Amino acid sequence: MAFYGFGEIAEQLRRSTVQVTSGRRGQGSGFIVKSDGVIVTNAHVTGNAELSVRLWDGSSYPARLVERSTRRDLALLEIPARNLKPVALANSDELRVGELVMAVGNPFG
């Protein structure tokens, strides 16, 4: 069974998906939610170490932890970059049982 459109979606999200590194060993992915450097990632990725974010073009920035919820496993980061391409978020309340969803990430670069 082929699912058409997922490649196009992944290509659109490529510039909005980031790699998050925590210290020497921890890493995961995240996505840009605001063009002025606000990023959402998982709380378990952030740890207690220095954070950095690598963008699709290879540029890297130090990240500041803005907020973290271990209960929801979400964290909000901020990097000193502007004019970034944020993802277009949809309203999850509009989903119905049985609809396909797509998780996007690239923790290993």
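Residues numbered from 1 in each chain as written. Predicted model: local features only at pLDDT ≥ 70, side-chain atom pairs only at ≥ 80, totals over all residues. Heavy atoms only, no water.

1. What about unusual backbone geometry?
Positive phi outside glycine occurs at Asp73, with the angle close to 55°. Here Asp73 is to be found in the loop between β5 (60-69) and β6 (74-78). One non-glycine residue, Asn83, lies in positive phi territory at about 60°. You can see Asn83 is positioned in the segment after β6. (Helix = DSSP H or I, 4+ residues; strand = E, 2+ residues; numbered from the N terminus.)

2. Notes on the environment of Thr46
Locating Thr46 in the fold gives a position in helix α2 (residues 43-46). As for Thr46 and Gln27, which are separated by 19 residues in sequence, their C-alpha atoms are 8.1 Å apart. If sequence neighbours within four positions are ignored, Thr46 has contacts with Ser22, Thr41, Leu51, Leu65, Arg68, Ala75 and Leu77. (Contact = heavy atoms within 4.5 Å.)

3. Structural notes on the environment of Ser16
Here Ser16 lies in the loop between α1 (6-13) and β1 (17-22). According to the relative accessible area criterion, Ser16 is buried, its value standing at 1%. For Ser16 and Ser35, which are 19 residues apart along the polypeptide, the C-alpha to C-alpha distance reads 9.6 Å. If we skip the residues at most four places from it in the chain, Ser16 touches Gly30, Phe31, Ile32, Lys85, Pro86 and Val87. (Buried < 20%, exposed > 50% of the residue type's maximum accessible area, 1.4 Å probe, protein only.)

4. Here we look at the sheet that holds β5
Spatial strand order, β1-β2-β3-β6-β5-β4: six strands in a closed barrel with antiparallel pairing. Averaged over all neighbouring strand pairs, the angle between strand axes comes to 40°, with direction disregarded. The pairing of β1 with strand β4 (residues 51-54) spans four bridges and is antiparallel. By the bridge assignment, Val20 is partnered in β4 with Val53. (Pairing = 2+ DSSP bridges. Axes fitted to C-alpha atoms, helices over the stretch in contact; angles between N-to-C directions.)

5. A word on the pattern of salt bridges
Counted under the stated rule, the structure contains two salt bridges. Among the ionic pairs, Glu78 bridges to Arg64, the shortest N-O distance being 2.8 Å. Of this pair, Glu78 sits in strand β6 while Arg64 is found in strand β5, placing the two residues 14 residues apart along the sequence. One salt bridge in this structure joins Glu99 and Arg96, with 3.8 Å as the shortest N-O distance. Taking the relative accessible area as the measure of exposure, Glu99 reaches 36% and is therefore partly exposed. What makes Arg96 exposed here is its relative accessible area of 62%. (Salt bridge = Lys/Arg side-chain N within 4 Å of Asp/Glu carboxyl O.)

6. Quick word on the nonpolar core
Core analysis: the biggest nonpolar cluster contains 13 residues, and Val18, Ile39, Val53, Leu55, Leu77 and Ile79 have the highest contact counts within it. Put simply, the parts of the chain that give this core at least two residues each are β1 and β4. Dropping the residues within four chain positions of it, Ile79 is found in contact with Asp36, Gly37, Ile39, Val53, Leu55, Tyr61, Pro62, Ala63 and Leu84. (Core = buried A, V, L, I, M, F, W, Y, C linked by side-chain atoms within 4.5 Å.)

Read these as geometric descriptors, not functional statements.
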